[in-house]
Amino acid sequence: MTLALLLKAGEDRLRSAGVGEWRTDAWMLLEYALPVTRKDYLLERGRQAASEEYTRYEALLEKRSRRVPLQYLTGCQEFMGLSFDVSPDVLIPRQDTEILVEECLKFMRSGMRVLDLCTGSGCILLSILKLAQGTEGVGTDLSERALAVARRNGERLGIHAEWLLSDLFEVVGGSFDRIVSNPPYIPTEVIRTLEPEVQKHEPRMALDGGADGLTFYRKITEQSPRYLRNGGMLFLEIGSEQAGEVSALMETHFTNIRIVKDLAGLDRVVYGTVRA
Ligand code: GLN
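Residues numbered from 1 in each chain as written. Predicted model: local features only at pLDDT ≥ 70, side-chain atom pairs only at ≥ 80, totals over all residues. Heavy atoms only, no water.

Asks: Just checking my understanding: could you explain the overall build of the protein for this structure?
Replies: Counting secondary structure elements, the protein contains eleven helices and nine strands. Its C-alpha radius of gyration of 21 Å places the protein within 12% of the 19 Å reference for a compact globule of 276 residues. Taking the principal axes of its C-alpha atoms as reference, the protein extends roughly 70 × 40 × 35 Å. Contacts spanning at least 24 positions in sequence make up 65% of the contacts within the protein whose residues lie at least 6 apart. Carbon and sulfur atoms form 51% of the exposed surface of the protein, whose accessible area is close to 13,000 Å². Taken as two groups, the 34 positive and 40 negative side-chain charges of the protein have centres that lie 2 Å from each other. (Helix = DSSP H or I, 4+ residues; strand = E, 2+ residues; numbered from the N terminus. Rg over C-alpha atoms; globule rule 2.2 N^0.38 Å. Contact = heavy atoms within 4.5 Å. Areas by Shrake-Rupley, 256 points an atom, 1.4 Å probe, with all protein chains shown as cover. Lys, Arg positive; Asp, Glu negative; His and termini not counted. Charge placed at Lys NZ, Arg CZ, Asp CG, Glu CD.)

Dropping the structure here:
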């Protein structure tokens with residue numbers, strides 16, 4: 001079979017498995033399996049695929065047809081222009097989350113210390129530290145395996161951060177200028193309505209925000225003032241329906257509360273400044 005036919009077979013297979021981005025995914029898996037660049041593919045698409053190439057591609061297609069996310073197969077996802085390792089132990093970094101990073105960056109100054117709660121792959125903390133010169137940070141997660149991924153990302157990208165195995169603030173010490181978090185925020189009952197990729201393959205503990213989805217926001221808005229310095233700010237990613245409730249939770253201890261929309265025009269980030 002030629003490379004062109006191999007790709008065509010991949011597309012058909014993913015489309016019939018109900019994969020939304022079947023065309024892109026079939027290509028990305030071919031690129032990863034052989035491997036082959038786009039340019040080489042265009043030159044070589046008439047050549048016969050070697051049997052190992054066929055076998056490797058086939059194995060990936062089989063998994064993707066079971067709706068394993070593409071990024072768990074290729075092991076990486078780009079975020080804020082940086083390449084992050086991912087595994088099924090961490091949520092795959094989302095483009096929406098770049099809004100959280102961008103908002104926080106507007107308020108970062110040299111010398112500041114930032115805390116990222118529920119850090120997962122570490123994508124939020126590491127991109128802030130990379131893009132805000134002269135800053136330092138701590139990332140926490142309840143999952144040791146997630147922290148291993150975050151630590152590896154820091155080392156690979158050459159960005160220093162401190163990693164703590166901690167249930168939110170449990171073992172956090174000291175004070176911070178900025179606290180950021182994209183905590184689990186899906187209401188428990190809603191999880192089973194999500195795409196198979198998310199529902200069956202992403203870590204449940206990274207998704208489940210309790211019965212009303214707000215469990216983590218309650219704890220974070222309540223406890224973060226103790227860890228924030230004067231003028232300290234809290235930045236939270238939210239589900240698109242949660243801006244009202246999360247802003248209300250912030251009212252008690254925060255002022256100048258703002259809601260920021262994502263590129264789709266949906267509410268995505270809430271932030272505010274701790275009351276003096
Ligand atoms: N903070 C991580 C991210 O945004 C993980 C979020 C989570 O596990 N809910 O990718």
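Asks: Would you mind going over the pairing of strand E8 (residues 254-261) with me for this structure?
Replies: Along any regular strand the residues' side chains alternate between the sheet's two faces. Examined bridge by bridge, E8 and strand E9 (residues 267-274) share six bridges and lie antiparallel to one another. Across the sheet, threonine 255 pairs through a bridge with threonine 273, a residue of E9. Between E8 and E9, which pair antiparallel one after the other, the connecting turn spans five residues, and glycine 265 there sits at a positive phi close to 85°. (Pairing = 2+ DSSP bridges.)

Asks: How should I be thinking about the site of the ligand in this particular structure?
Replies: Taken together, Leu91, Thr97, Cys118, Thr119, Cys123, Ile124, Asn182, Pro183, Pro184 and Ala206 form the complete shell of residues around the ligand. At 2.8 Å from a nitrogen atom of the ligand is found a main-chain nitrogen or oxygen belonging to cysteine 118. With respect to the ligand, the backbone of alanine 206 contributes an N or O atom lying 2.8 Å from a nitrogen atom. Protein chains shield 97% of the accessible area of the ligand, which is 290 Å² for the free molecule. Partitioning the shell around the ligand into residue classes produces seven nonpolar, three polar and no charged. (Near = heavy atom within 4 Å. Polar contact = N/O pair within 3.5 Å; in protein donor to acceptor, adjacent residues only side chain to side chain. Nonpolar A, V, L, I, M, F, W, Y, C, P; charged D, E, K, R; others polar.)

Asks: Just to check I follow, could you spell out a nonpolar patch on the surface for this structure?
Replies: A grouping of Met1, Leu5 and Tyr54 is seen on the molecular surface, where their side chains present a nonpolar patch of about 290 Å² in accessible area. Along the chain, tyrosine 54 falls in helix H4 (residues 51-65). (Patch = residues over 30% accessible without salt bridge, like charges linked within 9 Å, V, L, I, M, F, W, Y side chains within 5 Å. Salt bridge = Lys/Arg side-chain N within 4 Å of Asp/Glu carboxyl O.)

Asks: Just checking my understanding: could you explain the side chain of arginine 67 for this structure?
Replies: Relative to the helices and strands, arginine 67 resides in the loop between H4 and helix H5 (70-74). Within the structure, the side chain of arginine 67 is placed 3.1 Å from the side chain of glutamate 195, a separation counted as a polar contact. Not counting residues within four places of it along the chain, the set of residues in contact with arginine 67 comprises Ala17, Gly18, Val19, Glu195, Pro196, Glu197 and His201.

Asks: Can you help me understand the packing of aromatic side chains in this one?
Replies: Think of a pair of aromatic rings as described by two things: how far the centres are apart, and how the planes are tilted against each other in angle. With the rule as written, the count across this model stands at seven aromatic pairs. Summarising the aromatic geometry, the rings of phenylalanine 79 and phenylalanine 84 are spaced 6.1 Å apart at their centres and angled 75° between planes, so their arrangement reads as edge-to-face. Owing to a relative accessible area of 0%, phenylalanine 79 belongs among the buried residues under this scheme. A connected cluster of aromatic rings, assembled from ring pairs, spans Phe107, Phe235 and Tyr271. Over the ring of tryptophan 22 we find arginine 15; its NZ or CZ atom is 4.4 Å from the centre of that ring. A cation over an aromatic ring shows up here: arginine 38 above the ring of tryptophan 27, its NZ or CZ 4.5 Å from the ring centre. (Phe/Tyr/Trp six-rings, centres within 6.5 Å; stacked < 30°, edge-to-face > 60°. Buried < 20%, exposed > 50% of the residue type's maximum accessible area, 1.4 Å probe, protein only. Lys NZ or Arg CZ within 6 Å of the ring centre and 35° of its normal.)

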